[in-house]
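Reading the structure
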Amino acid sequence: MSLDHHPAALSVLDDLHAAAARDANRWGDRTGSTNATANASGSGALVRLGEFYLAVSPEEGRLLYILARAINARRIVEFGASFGISSLYLATAAKDNAGALITTEVHPEKCAALHETFSKAELSDAITLLEGDAHETLKTVPGPIDMLFLDGWKSAYLPIFQLLRPKLRVGALILADNCTHAAASDYLATVQSAASDCVTSIQGSLAISCVLR
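Conventions we followed
Residues numbered from 1 in each chain as written. Predicted model: local features only at pLDDT ≥ 70, side-chain atom pairs only at ≥ 80, totals over all residues. Heavy atoms only, no water. Salt bridge = Lys/Arg side-chain N within 4 Å of Asp/Glu carboxyl O. Helix = DSSP H or I, 4+ residues; strand = E, 2+ residues; numbered from the N terminus. Buried < 20%, exposed > 50% of the residue type's maximum accessible area, 1.4 Å probe, protein only. Core = buried A, V, L, I, M, F, W, Y, C linked by side-chain atoms within 4.5 Å. Contact = heavy atoms within 4.5 Å. Axes fitted to C-alpha atoms, helices over the stretch in contact; angles between N-to-C directions. Parallel < 35°, antiparallel > 145°, perpendicular 65-115°, else oblique. Left-handed = near helix turned anticlockwise from the far one by under 90°. Phe/Tyr/Trp six-rings, centres within 6.5 Å; stacked < 30°, edge-to-face > 60°.

Any two side chains of opposite charge can pair, given that their charged atoms come close. The tally for this structure, following the rule as stated, stands at eight salt bridges. Residues D96 and R69 are paired through a salt bridge, measuring 3.5 Å at the closest nitrogen-oxygen approach. Remark: R69 occurs in helix α4 (residues 58-70) and D96 occurs in helix α5 (residues 85-96); sequence separation between them is 27 residues. Judged by its relative accessible area of 27%, R69 falls in the partly exposed class.

Before going further, it helps to examine the nonpolar core. Counting residues in each nonpolar core, the largest one holds 35 residues, and the members touching the most others are I76, L88, M147 and L175. Listed by contribution, the elements that provide at least two residues to this core are α1 (7-31), α4, α5, α6 (108-120), β3 (127-131), β4 (145-150), β5 (168-176) and β7 (206-211). The element best represented in this core is α5, accounting for seven residues. If we skip the residues at most four places from it in the chain, L88 touches A9, V12, L13, L16, T117, F118, A121 and L123. With 28 residues, the next largest nonpolar core counts A134, A156, Y157 and I174 among its residues.

Axis separation between α4 and α5 bottoms out at 8 Å; the angle between their running directions is 25 degrees. With respect to α5, the axis of α4 lies roughly parallel. In the packing of α4 onto α5, the handedness of the crossing is right-handed. For the pair formed by α4 and α5, the contact residues are P58, G61, R62, L64, Y65, A68 and R69 on the first element and S86, Y89, L90, T92, A93 and D96 on the second.

Before going further, it helps to spend a moment on the side chain of T103. Structurally, T103 is set in strand β2 (residues 100-105). What makes T103 buried here is its relative accessible area of 0%.

Moving on, we get to the packing of aromatic side chains. Following the criterion strictly, the structure yields three aromatic pairs and no others. Centroid distance Y157 to Y187: 5.9 Å. Interplanar angle 85 degrees. Geometry classified as edge-to-face. Note that Y157 is positioned in helix α8 (residues 157-164) and Y187 in helix α9 (residues 185-191), a separation of 30 residues in sequence. Counting every residue linked through ring pairs, the aromatic cluster contains F79, Y157, F161 and Y187.

As structure tokens, this is what we get:
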């Protein structure tokens, strides 16, 4: 099986990527920049970002799929589904590995859209959506976790990592998108330290870490 064997998911992804491209322009009209993540700050930012797509590119999505397949990831956890683009790439990989994706989202309106998206993509059977504050909802996730994708609120990267670190198996991959954002600096410092028992490579704004022990 490969990503191309999921025509329903690919069709939905085409629509979502097109919508995300339009959204970048809409955000730019409001703020003067097409980078929503870089511009979001302050207590109201989480609310403001609730209406926008915060999406991986098609190339980044295929990388997520490839990495998940390469390590035969059967339990994948995602922090921050947004409108589900990265979720679909991860879920197709998990399903092809005879596993499943556990993802999170805090915005109620996005959660409603996600359920519809997953159904249209014919992936509802491979995805569990945890609605609400991920600091709480992820406490019940069982181990071992094969892959963790961090793509939500950047200041939450470190506490989410610390919450799930005991459940990450040896050889698990941790991917943190937009890791160069100032709010993710504490996460980056932690995962790059010897005490984390991880090895990390930064590719652009994506930090890829592997659990060594």
